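# Coordinate analysis (summary)
Chain by chain, the residues run as shown.
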Amino acid sequence: MNDFIKYQAQTSPYPLGMEVSHAVGSYIYDTDGKKYLDFVAGVSATSLGHQHPRVNQAIKDQLDKYSHVMVYGEYSQSPAVQYCKLLVENLPQPLNKVYLVNSGTEACEGALKLVRRVTGRSQLISCHNAYHGNTMGAMSVMGFEERKQIFRPLIPDVDFITFNNEEDIQRITTKTAGIILESIQGGAGFIEPQNDFLFKVKRRCEEVGALLIIDEIQPGFGRTGTLFGFQNYNIVPDVVIIGKGMAGGMPVGGFIANEKHLDLLSHDPKLGHITTFGGHPVIAAACLATLQEILEKDYMPQSLAKEKLFRSLLVHPLITEVRGRGLMLAAMTPDENITNQAILACQDRGLILFWLLFEGKAIRITPPLTISEDEIREGCKILIDVLDSLL
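Residues numbered from 1 in each chain as written. Predicted model: local features only at pLDDT ≥ 70, side-chain atom pairs only at ≥ 80, totals over all residues. Heavy atoms only, no water.

## Quick look at empty space enclosed by the protein
Our working definition: Points on a 1 Å grid, built from protein atoms alone, make a cavity when a 1.4 Å probe fits but cannot get out and make a pocket when they are open with protein on both sides within 12 Å along at least 5 of 7 lines; residues with an atom within 4 Å of a point are the lining residues. Grid points are joined across faces, edges and corners, and a volume is the space filled by probe spheres set on the points. The secondary structure listing takes helices from DSSP runs of H or I that are at least 4 residues long and strands from runs of E that are at least 2 residues long, numbered from the N terminus. Residue type decides the class: Asp, Glu, Lys and Arg count as charged, Ala, Val, Leu, Ile, Met, Phe, Trp, Tyr, Cys and Pro as nonpolar, and the leftover types, Gly among them, as polar.
A full pass over the atoms with the stated rule returns 2 cavities of 30 Å³ or more. At the level of elements, β4 (97–101) and α10 (281–296) are the ones that each hand at least two residues to the lining of the largest cavity. Tallying contributions element by element places α10 first for the lining of the largest cavity, with 3 residues. Each residue belonging to the lining of the largest cavity can be placed in one class, and the counts come to 9 nonpolar, 3 polar and no charged. In this structure, the second largest cavity spans a volume of roughly 40 Å³.

Below, the structure written as structure tokens:
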């Protein structure tokens, strides 16, 4: 722990500091042998749990063939090609081409560049309390001034509207290159679109020639009962951003659009977006195995059944509501102090929960899609017992 603090850069003054020994299925084990039930899944990243055999085998098999051989977009590498093909086959038209990158935030950067390249316009629109990553472009469309003020100046010509505010939709105009929205707002508190908000935004974009980017980094890959969250809301975006759960815990991202648009990044100027390790064959093999597993098994309908179980168990005077959909849930408490105490006390009791970025009253519950009903009951009992102690 001392070397962790001394040699590894920290993201906050108070890291949780668990020293990990190994992780299997829905559990993480520390170096003292203590077992923790994981209700967070690496912040929605280990979608099939820890050490899923199909993903692990795909990684091992690819390592025995080749690893990195050339920068993205030059050589045809089977794992990446197969993955992109399978992904496109399970998406609505015209989402028919994929650009693979290294992370969700890089995917956001690529998507923002793409909508400016396609439209020839500069204005970008995002939402208050939105989170799309932490590089300079992604931070520019982050709707939380406290986290970005010190890093200004950021990229210019970015405007913000309020999620689910229909009047604000009119601020999308013929000057707008694109609007970026999460299909479910994550950092803001797992807020779902209401009253056909996403559909109305898409219709407005079509009226003025702007493009709609939907960020699926958290909701994507089966977590909300469909492969992507936008599929719950009767829309087809112009660009989809993916990351987190797409490779079973390996680092990856991507952005998806139609071929005509994505091909613009290859000329005038050429190399409009480049990345050395995007489409990395070992990572792509993990992506392919993860997607195949999600598509072939019943994880997506089960995420909705498991949501119902969570909601039936998370009934307590200190839980004011449960937000979200599927296995992207947030248990809300009356104040931040209760949330902080509950998360820390649950870790002491062997249950991993976590915070959301901008909503201090939320307890994040984003377990692996593979979590069992017995494990859900086990974890919810720990949380309820902890909340009882806080009454």
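## Points about unusual backbone geometry
Omega for the bond connecting Arg 152 with Pro 153 falls within 30 degrees of zero, at 10°, which places this linkage in the cis form. Along the polypeptide, Pro 153 turns up in the loop between α7 (145–148) and β6 (158–161). At the junction of Asp 268 and Pro 269, the peptide bond is cis and its omega measures out at 0° in the coordinates. If you trace the backbone, Pro 269 turns up in the loop between α9 (259–262) and α10. Phi at Ser 44 takes a positive value of approximately 70°, unusual for a residue other than glycine. Checked against the element boundaries, Ser 44 lands in helix α2 (residues 41–44).

## Comments concerning the environment of His 50
The criterion, for reference: The buried label goes to any residue with under 20% of its type's maximum accessible area, the exposed label to any with over 50%, and the partly exposed label to all in between, with areas taken from a 1.4 Å probe on protein chains only. Every residue pair with non-hydrogen atoms within 4.5 Å of one another is taken to be in contact. Throughout this description, a polar contact denotes any pair of N or O atoms lying within 3.5 Å of each other; where both atoms belong to protein, one of them has to be capable of donating a hydrogen while the other can accept it, and for residues adjacent in sequence the pair is counted only when both atoms sit in side chains.
Note on placement: His 50 falls in the loop between α2 and α3 (53–63). We classify His 50 as buried; its relative accessible area is 13%. Residues His 50 and Ile 28, spaced 22 residues apart in sequence, show a C-alpha to C-alpha distance of 8.1 Å. Those residues in contact with His 50, other than ones at most four positions away along the chain, are Ala 23, Val 24, Gly 25, Tyr 27, Ile 28 and Asp 38. A polar contact is formed between the side chain of His 50 and the side chain of Asp 38, at a distance of 2.7 Å.

## So, the layout of surface pockets
Looking at the second largest pocket, its volume works out to about 640 Å³. What lines the second largest pocket is a set of 25 residues, and nearest its centre among them are Tyr 72, Gly 73, Glu 74, Val 98 and Tyr 99. Breaking the lining of the second largest pocket down by element, the ones donating at least two residues are α4 (78–89) and β4. Counting residues per element, the lining of the second largest pocket draws most heavily on β4, at 4 residues. Looking at side-chain class alone, the lining of the second largest pocket contains 13 nonpolar, 9 polar and 3 charged residues.

## Things to note about the packing of α4 against α10
To keep it simple, the criterion reads: Note on definitions: angles span 0 to 180 degrees between N-to-C directions of axes, and those axes are lines fitted to C-alpha atoms, for helices only across the stretch in contact. Roughly parallel means an angle under 35 degrees; roughly antiparallel means over 145; roughly perpendicular covers 65 to 115; every other angle is labelled oblique. The hand of a helix crossing depends on one turn: near helix anticlockwise from the far one by less than a right angle means left-handed, and clockwise means right-handed.
It is the contact of α4 with α10, at a shortest axis distance of 8 Å, that shows an interaxial angle of 30°. Judged by the angle between their axes, α4 and α10 are roughly parallel. For α4 against α10, the interelement crossing comes out left-handed. Two secondary-structure elements touch here, α4 through Pro 79, Ala 80, Gln 82, Tyr 83, Leu 86 and Leu 87 and α10 through Pro 281, Ala 284, Ala 285, Cys 287, Leu 288, Leu 291, Gln 292 and Leu 295. Tallied by class, the residues present in the contact of α4 with α10 amount to 12 nonpolar, 2 polar and no charged.

## So, a nonpolar patch on the surface
Let me state the cut-off plainly: Nonpolar side chains (Val, Leu, Ile, Met, Phe, Trp, Tyr) are joined into patches within 5 Å and like charges within 9 Å, using only residues with over 30% relative accessible area and no salt bridge. In this description, accessible areas are obtained by the Shrake-Rupley approach with a 1.4 Å probe, and a residue is regarded as covered only by the protein chains that are shown. When a carboxyl oxygen of Asp or Glu lies within 4 Å of a side-chain nitrogen of Lys or Arg, that pair is called a salt bridge.
Taken together, the side chains of Met 136, Ile 150 and Phe 151 define a hydrophobic patch exposed on the protein surface, amounting to about 340 Å² of accessible area. On the secondary structure map, Phe 151 appears in the loop between α7 and β6.

## Some remarks on the packing of aromatic side chains
Using the following cut-off: In this analysis, rings of Phe, Tyr and Trp, with Trp reduced to its six-membered ring, are considered paired at centre separations within 6.5 Å, and the interplanar angle assigns stacked below 30 degrees, edge-to-face beyond 60, and tilted for intermediate values.
Counted according to the given criterion, the structure contains 9 aromatic pairs. Ring geometry for Phe 144 versus Phe 358: centroids 4.2 Å apart, planes at 10°, classification stacked. Here Phe 144, found in the loop between α6 (136–140) and α7, pairs with Phe 358, found in the loop between β13 (351–352) and β14 (362–365); they are 214 residues apart in sequence, far enough to count as distant. Among the residues examined, Phe 144 registers a relative accessible area of 17% and is labelled buried. Take Phe 358: its relative accessible area is 14%, and that puts it in the buried class.

## Some words on helix α13 (residues 373–390)
What counts here: Residue count minus one, scaled by 1.5 Å, sets the expected span of a helix.
Over its 18 residues, α13 runs 26 Å from end to end, which matches the ideal 26 Å to within 8%, given 1.5 Å per residue. Buried within α13 are the following residues: Glu 375, Ile 376, Gly 379, Cys 380, Ile 382, Leu 383, Ile 384, Val 386 and Leu 387. Check the buried side of α13 and you find it contacts β2 (27–30), β3 (35–38), α11 (299–313), α12 (336–348), β13 and β14.

## Things to note about the environment of Leu 91
Inspection of the secondary structure assignment puts Leu 91 in the loop between α4 and β4. The spacing of Leu 91 and Val 236 is 145 residues in sequence and 9.2 Å in space, taken between C-alpha atoms. Among residues more than four places away in sequence, those in contact with Leu 91 are Phe 228, Phe 230 and Ile 256.

## Some details on the sheet that holds strand β1 (residues 20–24)
What counts here: Strand pairing requires that DSSP identify at least two bridges connecting the strands.
With mixed pairing, the 4 strands of this open sheet are ordered in space as β1-β2-β3-β13. The sheet is open, and its two edges are formed by β1 and β13, each paired on a single side.

## Describing the pairing of strand β9 (residues 239–242)
Because side chains alternate across β9, one face comprises the buried residues Val 239 and Ile 241, and the other comprises Val 240 and Ile 242, equally buried. The pairing of strand β8 (residues 211–215) with β9 spans 3 bridges and is classified as parallel. Among the inter-strand pairings, Ile 214 is bridged to a residue of β9, identified as Val 240. Relative to strand β10 (residues 253–257), β9 is paired through 3 bridges, and the arrangement is antiparallel. Counterpart to Ile 241 in the pairing with β10 is Phe 255.

## Focus on the sheet that holds β14
The 3 strands are arranged β11-β12-β14 in an open sheet whose pairing can be described as antiparallel. Only two strands of the sheet have a single partner each, and these edge strands are β11 (321–325) and β14. Taking the axes of each pair of neighbouring strands and ignoring which way they run, one obtains an average angle of 20° across the sheet. Strand direction decides the pairing type here: β11 and strand β12 (residues 328–332), joined by 5 bridges, are antiparallel. Looking at β12, one finds that Arg 325 is bridged to Met 328. Strands β11, β12 and β14 of the sheet are contacted by α11, whose axis makes an angle of about 175° with β11.

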